Structure formats: structure tokens, C-alpha cells
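# Descriptive analysis of the structure
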Amino acid sequence: MIVVVLSGFALALLAPSLYRLSARWAGCVFSIFPAVLALWFLSHMGEVVGGHGLRFTYPWIPAMGLELSFNLDGLGLLFALAITVVGTLIITYAGSYLHGHPSLPRFYLFILMFMASMLGVVLSDNLIALFVFWELTSVTSYFLIGYDHDKDTARAAALQALIVTGTGGLALMAGVLLMGQIGGSFEISALAADNAAVQGHRLYPLVLALVFAGAFTKSAQVPFHFWLPSAMEAPTPVSAYLHSATMVKAGVYLLARLSPVLGGSDIWLYVVTGFGAATMLVSAYQALYQTDLKKILAYSTVSVLGTLTMLIGLGGKYAIQAAMVFLMAHVLYKAALFLVAGSIDHETGTRDVRQLGGLRKTMPIICAGAAVGALSMAGLPPFFGFVGKEALYEALTHDNVLVTVVGVLTSMLLFAVAWLAGIRPFSGEETHTPKHPHDPPWTMWLGPVFLGCLSVLFGLMPALPEKLLSAAAGSVLGKEVHMHLALWHGFNALLVLSLVTFALGVLVYLNLARLQRVTEFALPVVRRGPSQWYALWLRFLNWSAVGQTRVLQNGYLRLYLATIMTVTAVLAWYTFLAHADAGVIEFNWGDIGVHEWVLGIVALVASIATVRAKTFLRAVVALGVVGYSVALFFVLYGAPDLAMTQFLIETLSLILFVFVFYYMPPFKRFSTRPVIMRHAAIGTAVGALFTLLVLVATSVQWHPTISTYFSANSYLMGQGRNIVNVILVDFRGFDTLGEITVLAVAGIGVYSLIRLRLGKGGDS
Amino acid sequence: MNSLILRTASRFLLILLFQFSVFLLLRGHNDPGGGFVGGLVLAAALTLYAIAYDVRSMRRFLPCRAQTIIAWGLLAAAGSGVWSMFKGQPFMTGQWAHVYFFGLDLHLGTPLLFDIGVYLTVVGVVLIVIMSLAEEVEEED
């Protein structure tokens, strides 16, 4: 199974080079891959449906007890099939839709990578692995939304999606870690087996809040839903795949997957159901006001995500069953409708529903696909959408009146929306469009037609997907489920509800303009609200970043130094006075030899000369003398390596100064007398502190020094006699690696800063 | 700078100091020296040459750009640590081997490769800084 999940990443990396081999057929060739995966998943259907999920475990970071464990159960299989089957159609479609686009190789790279990540999300049993794949879907989604990176709006939408889902992702990470800590395992199956440990813990509400933040942002629940309509800037295949069929369902998937662990409590019930219900109603209402075909579909997707969330929140047999049926129905019709919208855009040059009409004559095949999709979305028999809606009503009527009313209202609105998006562009008189439309090539109608056929087939014979859906519901509920789906349930209350919905839906559609006028007052609140909060929040972030940078990164070296030194002096002096005992110092003036006195005095005089110098050259030379004196101290105390390095560094610094002199302004003194006094005080405090520290440190021995260890083991383990060097390249080699990396970064930084300055005189 | 004495001397010094820097690098494991000091010596020698002539003449001695030298240095240092991972040991465990070469018994190990990496990185970083500064001076002259 690890091959199934990870091969997508390998293919993604190869995709750009493969694309160059055959640009024309790349779409069809790449689509073979998800098709093969889909067949693999189908071949395991029997085992999964029979209740024997597949489980594969690979050690990942054994030292931390982390495993890559994959679990193929009913829920995972349902999602995996949606991902691979729709993926096959999408990649075939995209080959024609984006034909000739210069960055098409990049598209394949990211869409394949996304597919693999998404499979990882739905198959991982390990929470950490799930989180990693989850974040990968956010990142690939960012790149796919911003595919037309020349467009400002595309970049902004991509960033918005990344910030919203990424913030949720961070919360989810905290939630996952917390859950793993409390429950004692990162395996979802293990956590589900003993959910009392998590639910009984006092941090359970916090875990819930964090997981909800992740799931609700990903699945675009109100008030985080605004990113999804913006994400329609992505190419249509991406919208169809990520933003309707798969990625946005990841949040719903997570809630379903974790409901055995976290679900069942009152908070779960009210929060999940509440957010879901609000989302489904608000966004179905917003969908009515859109004129862009893709935005209409986007808002209706958000509405469906809300429905699914609500059903998972309600829990219980009927609700979970309904969620699975509804989910499958939605994947089938919504992906088809998005692909239809893409084809219409591709062929006519516009997506504005007000400009579209009469396309049934010019695009008959697409029209058929659209009609099936729209009728299924409207919940009309004999399509699978009807079965989904019946299941939904059954679950809601089993619960209470309030959710039933919300459900009926939403279905009524979606009925009108389906008509608006799927039927209206094809009916009525032909209109004038930017391009003259005709049916697109087979690659572009295959998707809607294939999905449409499935909608009809499953609608007429609901027994076909019954077993898979039962298995999926079973893995959420944690027990065996036997669902019985049928198109005709007899003449009962559900049918009456459906009929009422259709009647209301037709009414809404016919009075669309009037309804839009009447309820317009509510629109600014639901539409502008959350995205305005987002804008305000970003502005606040920028403002505070600029503010604190101005204060902290003021650009004055002397202030940086003064800050660092003062903080060090205050903190270290405090600790020193509070804890250290200066009495332990063993110091004898007589121990200092004449040569040491001489060297010390030279260093001191040179320091004073540096500070009092009247020209740059004098200051630099005096500073060099200080450095050389220090190097000589190293020589005296038997540290030839250090001394050698110090000498060379001093020399090179001198040379650097020589080069820089050229740019120096005339030597001036800016500091006033009080400033100088303040700097002198700071300097003295730091100097005195370190003198005392060294004296105390050398007088007291708490532990045997580490140097004994090094000198004993340098030759034995490091195979070298020069201890300093063995420490640098072997014992502490990792530190050195870090240091030279910093050095390299600093070098390149200097280079680019100087180049940048050069550029200033020129073009910028 | 236009000084005949410095120019003549720097040509000899460059060769001598280059040899000295390699000497420091190789002896570092048992005696004072090492990649860091060695790299500084070579960088100083090249800088001296650049002062005597100009940066362009000095650049002739470099096989590639300074950035590339840094990259190779980091690659060598990091790569020396990966070796042990293939043998199932932790990152950067020293690997040693005796190599017999024309009757010489050479005691080679990955720490030497690491030190070469340090050497190259130091040379590259010092050169990139000095060349950036010096070239600006030369361009404006």
C-alpha cells in the first residue's frame, strides 16, 4: 500500500520530464496512473466490504515510535475511489482544457502530488502521517489555485486559501499532538478503541476546538467559507477536483474518521451540527446571487459540505448513512457540473450565466452531461441525487423538526441553484458569446458523461453502491451496517417532503429576481463579513510587523550592541550576585609574569587608542593591535590553533576595512558626552562581569572538565592527536557543519547586499 | 596597487601559501592546523594577490565562482556525514580506512573530507566578501 500512496509523488516528480517526451498525449498517459490505482482499490472491494479492512504498517521513525500505517476500510475506500476515479477524468480533461499552456508540466506535477497527498490523508491511520499529508494538500492546492500566477487575483486567492487552511492546519497539528498525548497513541484505530481516555480528559474541549479549527477551515464551513469561492480563480479542472470532489471533503473526512474517537458528546453534537447547519443554509442562499457559473457551483459545494458536516455532527445510524450516500451523490454530480462549466467557459469564452443561453443546440453532448448533473443535484428521480436526498430527509426526520426545516430549505435553494447552473445555460434562445461554441473534444466530455452515467446507473440501481456505502458508514459507526437504498420507498412522508421541496424550488427559481431583491439586505452581512475580517486581520498583522521591525531592527549598529550588552549585563549580573560567591576566587597578583603584564598593558592601551582615534585608519590599526595581543595570549596559554586562526582573522579584517575605507564618509563624532558615558558604563559592566565569571569559573571545579574526556578519547575514537581539530571535525562535527552553513549564508548575504546596492544606481 | 615588489612577491607567496594551506589542512588532525586555518591562509594569499594586481587577475586562479566553491564545501562536509548512514550508524560517525599508495600507508577518514569541506567553505566565503567589496571599488574607478 505504501507503493500505492507514494508512487504518486514519484510520478509527480517525473511528470515535467515525461511531459516533454509527448506533450500531446501527456494528459491521457498520466490519467492511466489514477485509473490503475482505482482498479487496485476496486480489486480490494470484496475484502473491505466483507469487513476485513486492509492494514499495512511500515516503520517510519522507529526511534520516536512513529509508523507509517495505512488502513483501507470502507470510509477510506469510498474516498480513495472518489480520488482516483475523478482524478482519472480530471487529468484527461485537463490535457485538453489547458492545452498549450506554457506551465502545463507544473500543473501535472502538482495535481499528481496532490492526488498522492489526498490518498495519504484518507488512508493514513497514524495521526502524524495524516497531518503531514493534510498539509501537503494545502500546499499543492496553493500552487494549483495560483496556477495563473501572472494574475493578481489568482495569487491573492491562492494566498488566502493557504492562510485560512494553513492556520487551521496549525491548530489541527496542536490538536493531533494533544490527542496523541492524552490518548497514548497516534494510531486512530487505537484511539477509537479506547475513546474514554480522550473524552474523559479535562483537555477534551480544547482538543475538539483545535480539531474543529482544522476541519472547518479545510471544508470551508461558515465563517471560514470565503476562501472556497475565491479559489475559483484556479483552472476549472482544479476546482472540480480539489475544490468540490476531494480536498474540501478532507475536513468532512477528518470529522467522520475521528467521530469514533471524539464524537458522541454534547459539545460535538451542538458545535458540529450548528456549524454545518449554518453553512448549508447561508451558502445555499449566497449561491443564488452569483452570476459566475463557477461561483454558483462553489457556494453550492460549500452548502453540501455544510450538510455533510451537520450529518456527522448528528451522528447515529441514519445520519452517517445519509452522509455517505449524499457524499457519493455529490462527488458524481458536482465534479460533472464543474467540468461542464469548464467546457462552457472554454468554448464560449464566458462563465457569466446572464450571457449564456441556448447552448443545447451547439453543445449537445455537454448539455446531456449537464442535464443529468443538474437534475441529480436538484434531487430529482431517477438520479442518484434523489436517493441521496431521500437518505438525508430520512436522517433529519428521525432527528428533530429544526434540522428538517433547515434541510428542506437548503434543498429548495439548491434545487433553484441546480437549475441556474446546469439547465439555464442550455435552454432558451441562443445568445451572443465571445467565442462561437461547439462540442469540445472527447477528452472534455468524457468526464461529465461518465459521471452522469454513474448518477443514472446508481439512481436506477441503488443496490450497486449499497455495500460500499454500508462499509463506509460502518467504519464511521464502528459496527456493521446494512443499508437498503431504493429509488421508490412507497408513498410516505419522505416523498411528500421531496414533492414540497420541488414545488418550493420551482417557486424560488421562477421568482429568483424578486427573491434576490427582497433578501438583498442580508447579503452584505454574510458575504462581506468573514472576508472583511480576514482583510482586517491581515492588515493588523502587517501593521504590527512593520511596527515591531521599526523598533527592533532600527538599523543602528550601536543600538543593537547596546541592547545586547545591556540585557546580557543585567541578567548575568543579577544571576551572578544572587547565586555566585565571589569569595571562592583564588587569585594571586604574583602569579602574573612580566611578559603577561606587558601584553595586558599593550592590549589595554590599544583599546583606549581605538576608542579615542580621530581617523578610521588609526582606529582599525589600534583594533588590530588588540586582536593580535589576544592572539598572543592564546600562544602563551598553549592554544596554537586558536592563535593561528585569530592572527589570520585579524589580518583579513584589516584587509576588509581597507576595502571599505573607500566608501566611508569623513570621520565624524556623533555621540554626545552623555551617550559616550552611557556606552562606557555598559562596556565596563560587561567587561567586569566576564572577568569575574572567568575568575570564578577557573577557581571552582564542580565536575571533572570535559577536556579530560576529549584528551582521553581523541586518539582512540577520533583517530587524531590534535584535540581541538578532533573536536571540531568529529566530536562536535555537527556544530561545525551548522557553523559553516551560517558562514556560507552570511557570505552570500554580503554578496547580495552589495550587489543590491549596486543595482540602486541603475534600474531600481 | 602598483608596486613591483608586492606584485613579484605575491606571485611566489601565492604558490607557497597555497602549499602551506594544504599542509595545514592535512596535518590538522594530529598537529595544529585544520581546514578553517588552512582556508583562511589560502584566502589571505589570494587577497594579497588581488591587492597587488586586481580582482580579475586573481579570479583566473579560481576554477569556478566563489558561490560554487561554497556549495562544494558544504556538500563535502554534509556528504562526509551521510557515509556512515549507509552502514546503519548515526549521521557523522567517522569512517576510517588505510589506503596503501606507492608504498605509503595513508590513514584516511571521513573527518578529512569534512575538513576539506570546511576549508572550501571558508575560502569561498572570504573570497565572496572580498571580491564583492573590491570589485565595486574597481568598477567605480
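Small disclaimer: the values here were computed from a predicted structure and weren't measured.

When helices and strands are tallied, chain A shows 33 helices and two strands. Its C-alpha radius of gyration of 34 Å places chain A more than 25% over the 27 Å reference for a compact globule of 764 residues. Viewed in the frame of its principal axes, chain A has a C-alpha envelope of about 110 × 60 × 55 Å. Evaluated residue by residue, chain A yields a buried proportion of 44% over its 764 residues. Residue pairs at least 24 apart in sequence account for 78% of intrachain contacts in chain A once pairs closer than 6 positions are excluded.

A few words on helix α28 (residues 616-636) of chain A. Helical periodicity: at 3.6 residues per turn, an α-helix aligns residues three or four positions apart in one direction. Residues and elements named next belong to chain A. With 21 residues, α28 extends 30 Å from end C-alpha to end C-alpha; this agrees with the ideal 30 Å at 1.5 Å per step. Burial in α28 covers these residues: L623, S629 and A631. Elements in contact with the buried residues of α28: α27 (594-612) and α29 (640-661). With its phi angle positive at about 70 degrees, G638 sits one or two positions after the end of α28.

Residues L337(A) and V417(A) are the most contacted members of the largest nonpolar core, which totals 200 residues. Sequence-distant contacts of L337(A), that is, excluding residues within four places in its chain, are made with L297(A), A370(A), G373(A), A374(A), M377(A), A421(A) and G422(A). Formed by 56 residues, the second largest nonpolar core is a distinct cluster that contains A643(A), L648(A), L42(B) and V118(B).

This part takes up the interface of chain B and chain A. With 40 residues of chain B at the interface, the matching set in chain A holds 38 residues. Broken down by secondary-structure element, the contributors of at least two residues to the side of chain B that touches chain A are α2 (35-52), α4 (66-86) and α5 (110-140) of chain B. Per-element tally for the side of chain B that touches chain A: the top contributor is α5(B), with 16 residues. Considering only residue class, the side of chain B that touches chain A consists of 24 nonpolar, 13 polar and three charged.

Before going further, it helps to examine the environment of V340(A). All names here are of chain A. Tracing the sequence through the fold places V340 in helix α16 (residues 316-348). V340 sits 104 residues away from T236 along the chain, and the two C-alpha atoms are 9.3 Å apart. Look past the residues within four positions of V340 in its chain and what remains in contact with it is I366, G369, A370, G373 and P448.

On to the domain arrangement of chain A. Splitting chain A by domain gives domain 1 (264-518) and domain 2 (556-702). Averaged C-alpha coordinates put domain 1 of chain A and domain 2 of chain A at centres separated by 75 Å.

This brings us to the packing of α16(A) against helix α18 (residues 364-378) of chain A. Residues and elements named next belong to chain A. Remark: α16 packs on α18, axes separated minimally by 9 Å, with the N-to-C direction vectors making an angle of 140 degrees. If you check the angle between α16 and α18, you find them oblique. Viewed along their axes, α16 and α18 form a crossing whose handedness is left-handed. Where α16 abuts α18, its residues A329, L332, Y333, A336, L337, V340 and S343 lie against I366, G369, A370, G373, A374, S376 and M377.

All names here are of chain A. Taking 1.5 Å of rise per residue, the 15 residues of helix α10 (residues 204-218) would be expected to cover 21 Å, and the 21 Å separating its terminal C-alpha atoms lies within 8% of that figure. Here α10 has its buried residues at V207, L208, L210, V211, F212, G214, A215, F216, T217 and K218. Looking at the residues trailing α10, positive phi occurs at A220, about 55 degrees.

Residues and elements named next belong to chain A. Where helix α6 (residues 127-145) contacts helix α7 (residues 152-183), the axes come no closer than 8 Å and their chain directions differ by 175 degrees. Classed by the angle they form, the pair α6 and α7 counts as roughly antiparallel. Taken together, the residues that form the contact of α6 with α7 break down as 15 nonpolar, six polar and one charged.

Let us now look at unusual backbone geometry. Residue and element names in this part refer to chain A. Cis geometry marks the peptide bond from V222 to P223, where omega comes out at 5 degrees. Secondary-structure assignment places P223 in the loop between α10 and α11 (227-230). Omega for the peptide link from P381 to P382 comes to 5 degrees, which places this bond in the cis form. Considering the arrangement of structural elements, one finds P382 in the loop between α18 and α19 (384-399).

What counts, and where the lines are drawn
Residues numbered from 1 in each chain as written. Chains lettered and ligands numbered in written order. Predicted model: local features only at pLDDT ≥ 70, side-chain atom pairs only at ≥ 80, totals over all residues. Helix = DSSP H or I, 4+ residues; strand = E, 2+ residues; numbered from the N terminus. Rg over C-alpha atoms; globule rule 2.2 N^0.38 Å. Buried ≥ 20, exposed ≤ 12 C-beta atoms within 10 Å, placed from the backbone. Contact = placed C-beta atoms within 7 Å. Expected span 1.5 Å × (residues − 1). Core = buried A, V, L, I, M, F, W, Y, C linked by C-beta atoms within 7 Å. Nonpolar A, V, L, I, M, F, W, Y, C, P; charged D, E, K, R; others polar. Domains from an automatic or database assignment. Axes fitted to C-alpha atoms, helices over the stretch in contact; angles between N-to-C directions. Parallel < 35°, antiparallel > 145°, perpendicular 65-115°, else oblique. Left-handed = near helix turned anticlockwise from the far one by under 90°.

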